[in-house]
Amino acid sequence: GAVVSQHPSWVICKSGTSVKIECRSLDFQATTMFWYRQFPKQSLMLMATSNEGSKATYEQGVEKDKFLINHASLTLSTLTVTSAHPEDSSFYICSAGLAGGPEETQYFGPGTRLLVL
Amino acid sequence: EDQVTQSPEALRLQEGESSSLNCSYTVSGLRGLFWYRQDPGKGPEFLFTLYSAGEEKEKERLKATLTKKESFLHITAPKPEDSATYLCAVSGSQGNLIFGKGTKLSVKP
């Protein structure tokens, strides 16, 4: 149980294009979903927190207009990297909190590797 | 400021050689301490949640313990398939997870 999927698993795009990453909770409803970014040999850094039907809360230093988050349902959240540039290349990971479960426990997706050329 | 420090950064063990990983934390109002396993190119896999000092949890060859300042992940008689990066995270009063940089464990046959 508590399986989270991400799509795509990897993407290569040209500088200036936009990329959408989907995060789905497959076998549970998620009250809250989180988006992280991880650089090589670094820890996970929280980018934003989103609740279904409301605006995402972004961490300090994360550009809201560049990283668009939509949490349309209790099982789906999307992250769109707009006008991507090479410095946006990273490993993006989503997680979901189990509705009705321990609110602090997050279950992570497999990640999406983004390479911007 | 909430902070998580893991040690060592890397640990090499022979198969069957037991050891411990350390996670020291500073957090205002601990709501939970979490251990995850992360394989290369994958997302973290949930292992344990600990809520209060003195609590212990076990899963196969892994045992996690918690004090007021740190947590240990004990690995008993590890196997090569236990090789991974082990991440520690805390949830404080802000409700967000704060991760350490992880300990990369390599178990040689």
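You'll find the structure just up there.
Scanning chain A from N- to C-terminus turns up 0 helices and 11 strands. Shown N-terminal to C-terminal, the secondary structure of chain A runs as helices and strands in the order β-β-β-β-β-β-β-β-β-β-β. Against the globule reference of 13 Å for 117 residues, chain A gives a C-alpha radius of gyration of 13 Å, in line with a compact fold. Its C-alpha atoms give chain A principal-axis dimensions of about 40 × 25 × 20 Å. A separation of at least 24 residues holds for 55% of the contacts in chain A among residues at least 6 apart in sequence. Total accessible area on chain A is roughly 5,800 Å²; 53% of this is exposed by carbon and sulfur atoms.

A regular strand places its side chains so that they alternate between the two faces of the sheet. Residue and element names in this part refer to chain A. Burial of strand 9 (residues 90–98) is extensive: 8 of the 9 residues sit out of reach of the surface. Direction of pairing for strand 4 (residues 30–38) relative to strand 9: antiparallel, over a ladder of 8 bridges. Within strand 9, the position partnered with Phe-34 by the bridge is Ser-95. Pairing geometry for strand 9 and strand 11 (residues 112–116), over 3 bridges, is antiparallel. By the bridge assignment for strand 11, Phe-91 is matched with Arg-113.

Cut-off values and rules
Residues numbered from 1 in each chain as written. Chains lettered and ligands numbered in written order. Predicted model: local features only at pLDDT ≥ 70, side-chain atom pairs only at ≥ 80, totals over all residues. Heavy atoms only, no water. Helix = DSSP H or I, 4+ residues; strand = E, 2+ residues; numbered from the N terminus. Rg over C-alpha atoms; globule rule 2.2 N^0.38 Å. Contact = heavy atoms within 4.5 Å. Areas by Shrake-Rupley, 256 points an atom, 1.4 Å probe, with all protein chains shown as cover. Buried < 20%, exposed > 50% of the residue type's maximum accessible area, 1.4 Å probe, protein only. Pairing = 2+ DSSP bridges.

From the geometry alone we can't say anything about function, so treat these as descriptive.
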